[in-house]
Each structure stands twice: as C-alpha cells, then as structure tokens.
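# Chain and residue survey
Residues per chain, in single letters:
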Amino acid sequence: MSDKFRYDDDISKKFLLATLLWGAVALLLGVLIATQLADWRLNLGLPWTSFGRLRPLHTNAAIFAFAGNGVFAAIYYSSQRLLKTRMYSDLLSRVHFWGWQAVIVAAAVTLPLGLTVGKEYAELEWPIAWAVNGLWVVFAVNFFQTLRVRRERHLYVAIWFYIATIVTVAVLHVMNTIQIPVSFWKSYPVYAGVQDALIQWWYGHNAVAFVLTTPFLGLMYYFLPKAAERPVYSYRLSIVHFWSLVFIYIWAGPHHLLYTALPDWAQTVGVAFSLMLIAPSWGGMINGLLTLRGAWDRVRKEPVLKFFVAALTFYGMATFEGPLLSIKSVSALGHYTDWIVGHVHGGALGWNGFMIFGMAYWLVPRLWKTPLYSTGMANAHFWIGFLGTVTYLVSLWVAGITQGLMWGATDIAGKLVYPDFVETVLRIVPLYWVRMAGGLLYFSGYLLMLVNLVLTVRRAPAGVQDEAASAPPLVPATVGNLGGRPHRMLEGLPGLFTVLTLLAILVGTVLEIAPTFFSGGFAPETPGVKPYTGLQLHGRDLYVREGCYTCHSQMIRALPAEVKRYGEYSRAEESMYDHPFQWGSKRTGPDLARVGGKYPDLWHYRHMMEPRDLVPGSIMPSYSWLAKDKTDFEIIARKLAVMKKLGVPYADDDVRLAVEDARREARRIGRGLEAQGVKPGIEDMEIVALIAYLQRLGEDFRKGGVK
Amino acid sequence: MSAKEKRIEEVKSTGHVYDGIEELDHPPPPWFVAMFYLTVAIGLAYYAYYEIGPGPTQGQELQAERRKEELAELTSLAASGGSKIPSEDELQAMGKDPGRRSAGAAVFSTKCASCHGNRGEGGIGPNLTDRHWIHGGRLTDVFNVITQGVPVKGMPPWGALLKQEEVEGVTAFVASLAGTNPPGGKAPQGELVEKR
C-alpha cells in the first residue's frame, strides 16, 4: 500500500523567486559600494547612502537574503523529495517565508538609517534580531516535524547537512544576539571587549560555515547528482567529511583575531583547527567532482553542470586559501587588507552564487514545467560570471598584498617607508576600479539570468500543480531494518543524529568560549581603565551608527611595523568596557585605537566635514550632517544606566547627572571650536560628541593607566 | 561509460537510493585520507609547538623583532658615523640653500599644509610666517618642535616619520617663510622674536 500525496512546490517557488530578487539587490549594492571606494563622490553626501551604512546592507543582503532564500528554496524542494513527504505544515512554511522577507525589508530600512548593533553580519537591532530567532524556531519546528512524518527510513547526506545548519545557526545566532535594549532601536550587547570579539568571530566564522557552507553542500549533494544523473561517488567519504567538517569548523573563529589582544592560546587553537579544515572541506568538493565521472562530456554542454563544477572548484580554492590566511605570518600580511575581501568573494561569488545559479537553471524548468528559454544565454551567463569573479579576485589579491607590503615596509634605519596611510590607499585605487568592473560583469551576467528565467516562466503552461508522488508509509524502526553498520543505523534515527550533531559543535564552542566567562573576559581588573563619559559614549554610538568600523580598525596588532605606525599594541583591558567591541576587520582607513590627542579638535572637525581639505586624495566619505544634526542629550542617562547594569563601573551620580555632564563637556569642546572660527551653536551638534569619543581613544594608555 | 565501468559500479553500490539518487561505496581516495591525517598532525604539532613547546608568544616575538631592529640601527649608525643634530648656524645655512628649501617645500605641502596652510599662513596650527613663536624662534627650536611635536596641542611629532634630512629641509623651508606675509594669515600667537 502506497500513500499518495503532493509536494509543496509553491513554497520552493516563492523562496526561489525571493532569492532571484534579493540577489539583484545585493549585487547592485555591492557594485555601488565598490564604486564608492574608487570614487568617494558616490557617497552622495547623504547619511543613508554613505559607505559605512550601505556596506552592512550589502553583506546582510548577500548572506541572509540572497544565499539565505536560496538555501531555503533548496531545503524545501529537496527535503520533501528525500523524505518522501510534503512539508509538515504549509502554514509554518508560509510564516517562515513571509517572516523572512519582512526581516529583509526591515533590514533594508533600518541599516541605511544607521540603526545597527555594530557587529559584522549581526548588525540588525534587537527587535529584528529576535524576530530572526523566532523565525528560525518556526523553520526548525517545521523541518523536524517533517523528519518525523517522513516515509523514508534513512536520511540522505543532504539532510545531515541541513540538520547541522539548523541546529548550529540557532546556537550561533541566539548566543550572539543577547543584548540589553536602551530604546526600541538601540541596544548594547552583554559582552564586551575580548569576549565580545571572540564570540563575534566564533559567530562570524561559523556563519560562513553554517549559512554559506553546510547548506550549500547539502544542496550540492541533491542537485548535482540529479542534474548529472550519476550516482554519488562515495558514501563513506560523505560520512567522514560531514562529521569532521561539523566538528572542526566551529573552532576556527579565532583566526580572525591573530596578533590581537586575544590570549595566545585561543589564537593558536584557531590556527591549528583551521589547518585541519582543509581535508574536511575538500571532501565535499572531491565527492562532488568524482560524482561527475562519466558525465564530463555533458559538462561541456550543460550550463547547470558547468556552474556546479566551477562552484566546487572555487569552493576548493577558497577553503585552501582560508587555512593559508590563518597561518600567523600570512595573517600578519593579509589581515585588514582587501585580500580578505577577495577571499570572501571567492566563496560568495564563485561558490554560493554559482551553486544558486546552477540550481535555479535546473529548478525553474522543473517547477514551472517548461524547458529553459535559452541555453545559450545561460552559457553566456556562465562565462561572464566566471570572468567577473576572476577579475574581482585577482584585483583584490594584488590590492591586498600591495597594501599589506606597503604598511609593513621599513627602511634600514627602521623607519616606515610609507608613513602616510593615504599613500597606500592611492596606490590601490586603480585596482578598486578593476574590482568594480569585475563586480559589474558578474552583475550583468546575473541580469542575463533574470531575463532568461523570466522568459522561461512566462512560457509556463497554465495551471501547473504541485507534483504528485506516492510512497509506502514508514515502518517502525527495528534493529533489523535500520541496517547493519552503526552509521547506517544512526541515519535512521533523526533524533539521535541531531543530538550528536549538536554535541559535535558544542565541544569547540564550550572549550573556546566558556573560559571567557570565568576569567573576566580575559581582561584583568584595571583601575587605570576609565569608562567613557556620557558624551564620549554617545559619540561612540555615532561611530557605530555611521559604520566607521567598516573602514577603521581599533586594534593595533603586536607587530613591529604596526607599532611604529600607530603606537603601542592594543591591550585587552583597553576595550573591557566596549559593548560592543569595535576592533574592526578592515583597514580601508588607518587604525584609530590611539588616534586620541593625535590631532586638535579643529582638525577632526574639518576632516569630518571634508576629509580632502586636510588629506588630499582621501577616499573617506564626508560627514557634514554631523554638524547639522542635534545631539540627543536626554538619552545619554539611559545609556549610562544600561551600561551600569552591564557592569561598567559608573557611580549612581554619573547616571543621575549624565545629561548635565554631557552638556558641560560638549560646551567645552564647542567653545574651543567656536574660538577658532567654527559657527556658533556647534556644541549642540553630534559632531562634538564624535570628536569627544575620537579624542578619548587610547587615553587610558597615554595616561599610564594600562601597562 | 564502458560496460566494465558499469559492472564495477553495480558492485560498488551501497544499495541506498534517495529520490533516484544512488550512493556508491567507493572508499575515500587514499590521497585524501593521507591529506586528512597530515593536516591533523600539522595542526596538533602547530599547537604543541606554540603552547607546550618553545614557540614564542606574540609578545616575545615582538620583543625579539625590536631587539633585532635596535641592533641594526646601532650598526647602521656606527657605519654612517651617526647623524648629529645640526647647529643653529648649519640650519641658517640650509635655510639659504635653494635645493634644501625646495625639498622641504615638498614635504611641507604633503605633511604640514593641512594644519599650517599651503604657504604657512596658519589654520589649525599657528602662522609660521610671522615673527611670533610659541616654542622659540631660533631654527634649532623649530627643528626640535618638528622632531618632537607638541602632542597635547595637536602638533604631531615627525621625528619617527621623517628622515633627518627631511626635517632639516622642512626647517629650511620654514626659515624661508619668515616675513612672506601671505593673505589670510592667522593672528600671531606666542612671543615676539625680533631677530633670529
């Protein structure tokens, strides 16, 4: 007796269309901000179009809207077929879909408005972040209930990867979004300084692992053999690389923090596990490529297979480059440069993008029951996209390595050869143009795909229905029917499988992160470190709001050339009250950890109004609105109260008198500026708070409060 | 695919089929297994070297680098006979040397003009063309201010960033600014110095 049922194809269509739409938005934003780095005028002088605000929108759109919706399309389509059942609940599927799109729209509105937590890829403010957590629960319930009502005893490897994705993203996202609200659109993370940095990069690195890798491997394991009509090469390889990948990936986060104030041991652990990651990552590539044995003649003709082969190759390249960049001496050169941006785009454009394109070209004709409009256009898309990706990668390799070498260059007397930071920027601006051209090519290919797919869908026959299927119901598990080998038995027990997966990712998580909770976040009590004044704290929030951290680091690494350029390397204690930390990950501009006192207030004022007045050739946007927008002094008291709750040592009086104190400090700075010709009334403006913050950076160290 | 390959595949099948996808039972390629063990071994060795063995901490690494540089500086100083601080007379002479002055002008326009104006008329920093000086009007004073800066007042120290001959050149250029009286000059600051 077979059950008859229909797959929910409508939900796969919905997610697929969403991917295609948001992908265009993400890419367009990417091209725009790439151009802004080549020519600052494209910041347009408006707050909501400036680089610091749009860059988070681009990354969030690419990861959560483009890749995210793509992953959901793949999971909803393939899981139903692999489990021989319709999704457990159509309603939950739709709540997931519409909720996710609502989150994306909310992000698209709030990020340009400057409403951000200021942690990369976790920028969304708490109401949205927690909506994401809620939606993830909806998705997880729907998925695991579907596992329960399945008609296939054993779980295919694609499903293993989906399970790992759902479980781990839940742990990562919840852990990294524990924040205390100050107002509806402003919150502070509970972690600070080193601890915040470690948790952030544990999250950030594993967002790459569990949003951009594991679900895509699952996707590959379904769509590649389907498209190639070939059996999967090695079941045993699947087992080995699944478990090793899941277990090892979670440890590698600290390789984002080499030579920083993170304790040495944690850095070394991060490097060691990054090296071990090569083989587990390559396992997926190898299994995919070997699955194509006997189908290579078709790769030449079929765009779907071309995209998959290129994607796996880029994946292999990126997962070799990653461990390479984790080695301390390579990180010393490459970190903070465009090499890292190139590295991530090898994955994003080459791996994630191409996997989704391959999937879309395969899926649209099947979901809409009509052949692809034009194979020629799809082939053209492949070559344009490929050329775009290679152009992008090569330009940023050259840019990153050039700039890294220039930063580190010293002459025989030990002096920096390029002491002016801007010199190192001007050298790579031409490469920013080349990168932009690469991005534009990639985007053109994308548009070609959209046209092709729209024309395909328009030819779809009327009244296409959800696909019908039938399968015998699941027989209860017995030792006999679970299969002989232990892993085979495990594949028949989703509950146990899920628990083991969770344990695999918790080992690294707990061993790396738990120590920060017992050691005061690795920062010894240091009375010499003073909390920010209310005005400085408010200025810091403006720094976060404007996304200055997308171009500036605040973490001087323990490297000779860096210490020469910026001053003594940063100590853990210096950021112990920083909720969130602002160490940054990219130096499009110089490090700011010790910029306080380097210039007079007037310098900062004029620099923020128009950087090129003081530093010819600078590519920093101008921030003239900061001199026009009034400081919200009233909120400062609430900010201090929340910080006090988080353990920052403010006295009750600091909180009570916060507003008056802030006004007094603003008046002092404002008067100084006015005496030198700045227009009267400047003390009420936001620029003064920002200057207060900038001048404060590194002060504890200068005053001898930190050793 | 040849008939032989097909037969091998039948033998190799696990018998698992999911939605038409069959899984074969090839062993993982040996080179893959070797790479796996090797990278795990390298990872463990890396950890052991730095955390158990003699590998330096990043603090020690930095210190060692600095010591090496100090030594290199000393030897290069010894080799060059050491560059000594120029005297007032030497600086005065440089101030009259057009070569020195034009080299200094180039440094001035990139490093100093943002605060002192293109022609030294002042702006964020004081006017350098008048006869008033905060830190003394002798050229050795000027040389010292440029080298050491006045960090609390926002005049950066240039000693670590510029070569000595560049500081000398820019001092010569500042000397040449005296009395040029450019338009838009900032009001005088500091003490009046009648004669240099």
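Residues numbered from 1 in each chain as written. Chains lettered and ligands numbered in written order. Predicted model: local features only at pLDDT ≥ 70, side-chain atom pairs only at ≥ 80, totals over all residues. Heavy atoms only, no water.

A word on the packing of aromatic side chains. All names here are of chain A. The tally for this structure, following the rule as stated, stands at 62 aromatic pairs over all chains. Note on Tyr623 and Trp625: the rings are 5.2 Å apart at their centroids and 65° apart in plane angle, and the pair reads as edge-to-face. For Tyr623, a relative accessible area of 5% puts it in the buried group. Overall, the relative accessible area of 5% leaves Trp625 in the buried class. Chaining the aromatic ring pairs together yields one cluster made of Phe66, Phe307, Phe314, Phe354, Phe357, Tyr361, Phe382, Trp383, Phe386, Tyr442 and Tyr446. The positively charged end of Arg81 is found above the aromatic ring belonging to Tyr77, 3.7 Å away from the centroid. (Phe/Tyr/Trp six-rings, centres within 6.5 Å; stacked < 30°, edge-to-face > 60°. Buried < 20%, exposed > 50% of the residue type's maximum accessible area, 1.4 Å probe, protein only. Lys NZ or Arg CZ within 6 Å of the ring centre and 35° of its normal.)

This part covers the nonpolar core. Counting residues in hydrophobic clusters, the biggest one holds 239 residues, and the most contacted among them are Phe223(A), Tyr605(A) and Ile687(A). Two domains each donate at least three residues to this core, and these are domain 1 (9-459 + 484-511) and domain 2 (534-702) of chain A. Apart from the residues lying within four places of it in its own chain, the contact partners of Tyr605(A) are Ala627(A), Leu673(A), Val678(A), Ile682(A), Ile687(A) and Ile691(A). Among the nonpolar cores identified, the runner-up in size contains 23 residues, and Leu91(B), Cys112(B), Leu128(B) and Ala175(B) belong to it. (Core = buried A, V, L, I, M, F, W, Y, C linked by side-chain atoms within 4.5 Å. Domains from an automatic or database assignment. Contact = heavy atoms within 4.5 Å.)

All right, on to the pattern of salt bridges then. Taken as a whole and judged by the stated rule, the model has 46 salt bridges over all chains. In this structure, Lys586(A) and Asp338(A) form a salt bridge, with 3.5 Å as the shortest nitrogen-oxygen distance. With Lys586(A) in the loop between α20 (560-566) and α21 (601-609) and Asp338(A) in helix α14 (residues 338-367), this residue pair connects regions lying 248 residues apart in the sequence. By relative accessible area, Lys586(A) is classed as buried at 5%. The exposure class of Asp338(A) is buried, given its relative accessible area of 1%. The partner of Arg485(A) in a salt bridge is Asp25(B), with the nearest N and O atoms 3.3 Å apart. In this pair, Arg485(A) is assigned in the loop between β4 (468-471) and α17 (486-491) and Asp25(B) in the loop between β2 (21-24) and α2 (30-52), connecting two distinct chains. One continuous salt-bridge network, built from bridges that share partners, spans Asp8(A), Asp10(A), Lys14(A), Arg86(A), Asp90(A), Arg94(A) and Asp466(A). (Salt bridge = Lys/Arg side-chain N within 4 Å of Asp/Glu carboxyl O. Helix = DSSP H or I, 4+ residues; strand = E, 2+ residues; numbered from the N terminus.)

With that out of the way, let us pick up the interface of chain B and chain A. At the junction of the two partners, chain B supplies 52 residues and chain A supplies 67 residues. In total, chain B and chain A occlude about 5,300 Å² of area from one another, counting both sides; carbon and sulfur atoms represent 61% of this. Taken together, the links from chain B to chain A amount to 7 salt bridges. Across the pair Glu69(B) and Lys564(A) runs a salt bridge whose closest N-O atoms are separated by 2.6 Å. (Buried area = accessible area lost by both parts, 1.4 Å probe.)

Our focus in this paragraph is the environment of Ala228(A). Residue and element names in this part refer to chain A. Within the fold, Ala228 resides in helix α7 (residues 214-228). A relative accessible area of 0% places Ala228 in the buried class. Ignoring sequence-local partners within four residues, the contact set of Ala228 consists of Leu292, Ala295, Arg298 and Leu305.

Moving on, we come to unusual backbone geometry. Residues and elements named next belong to chain A. The omega angle of the peptide bond from His579 to Pro580 is -5°, so this bond is cis rather than trans. Mapping Pro580 onto the fold places it in the loop between α20 and α21. Residues other than glycine seldom take positive phi values, yet Tyr336 does so here, at roughly 75°. On the basis of relative accessible area, Tyr336 is assigned to the buried category, the value being 1%.

Moving on, we come to the domain arrangement of chain A. Accessible area lost upon the coming together of the parts is a frequently used measure of interface size. Residues and elements named next belong to chain A. As far as domains go, chain A holds domain 1 (9-459 + 484-511) and domain 2 (534-702). Once you take the C-alpha centre of each, domain 1 and domain 2 turn out to be 33 Å apart. At the interface, 64 residues of domain 1 touch 55 residues of domain 2. Summed over both sides, the interface of domain 1 with domain 2 buries roughly 4,800 Å², with 65% coming from carbon and sulfur. When the buried area of domain 1 at its contact with domain 2 is split by residue, Trp40, Tyr188 and Tyr336 rank highest and sum to 18% of it. Our count for the domain 1 to domain 2 interface comes out at 3 salt bridges. Of the charged contacts, one joins Glu546 and Arg53 as a salt bridge, the two residues approaching to 2.9 Å between their closest N and O atoms. Among the elements of the structure, α2 (51-83), β2 (179-183), β3 (186-189), α6 (193-210), α13 (328-334), α14, α15 (375-408) and α16 (421-458) are those that each provide at least two residues to the side of domain 1 that touches domain 2. Taken together, the residues that form the side of domain 1 that touches domain 2 break down as 37 nonpolar, 18 polar and 9 charged. (Nonpolar A, V, L, I, M, F, W, Y, C, P; charged D, E, K, R; others polar.)

So, on to the pairing of β4(A). Residue and element names in this part refer to chain A. Every second residue of β4 is oriented toward a common face, the buried set being Ala469 and Ala471 and the non-buried set Ala468 and Ser470. Of the pairings in the sheet, the one linking strand β1 (residues 3-6) to β4 comprises 4 bridges and is antiparallel in character. Across the sheet, Asp3 pairs through a bridge with Ala471, a residue of β4. (Pairing = 2+ DSSP bridges.)

All names here are of chain A. The contact between α7 and helix α12 (residues 303-326) brings their axes to 10 Å, and the two run at 145°. Read as a crossing pair, α7 and α12 show a hand that is left-handed. Facing Leu217, Met220, Phe223, Leu224, Ala227 and Ala228 of α7, the residues of α12 in contact are Val304, Leu305, Phe308, Leu312 and Tyr315. Of the residues assigned to the contact of α7 with α12, the class counts are 11 nonpolar, no polar and no charged. (Axes fitted to C-alpha atoms, helices over the stretch in contact; angles between N-to-C directions. Left-handed = near helix turned anticlockwise from the far one by under 90°.)

As a further point, take the state of the cysteines. Within the structure shown, the criterion is met by 0 disulfides over all chains. As a non-bridged cysteine, Cys112(B) has Cys115(B) as the owner of its nearest cysteine sulfur, 8.8 Å distant. (Disulfide = S-S within 2.5 Å.)

Residue and element names in this part refer to chain A. Within the fold, Ser618 resides in the loop between α22 (611-614) and α23 (635-645). Relative accessible area serves as the criterion here: at 8%, Ser618 is assigned to the buried category. In contact with Ser618, not counting residues within four places along its chain, are Trp40, Val422, Pro611 and Arg612.

Attention now moves to helix α9 (residues 264-276) of chain A. All names here are of chain A. In this model, α9 (13 residues) spans 19 Å end to end at C-alpha, consistent with the 18 Å of a helix rising 1.5 Å per residue. The buried fraction of α9 amounts to 11 of the 13 residues, a majority that puts the element mostly inside the structure. Residues Ala266, Gln267, Thr268, Val269, Gly270, Val271, Ala272, Phe273, Ser274, Leu275 and Met276 constitute the buried set of α9. (Expected span 1.5 Å × (residues − 1).)

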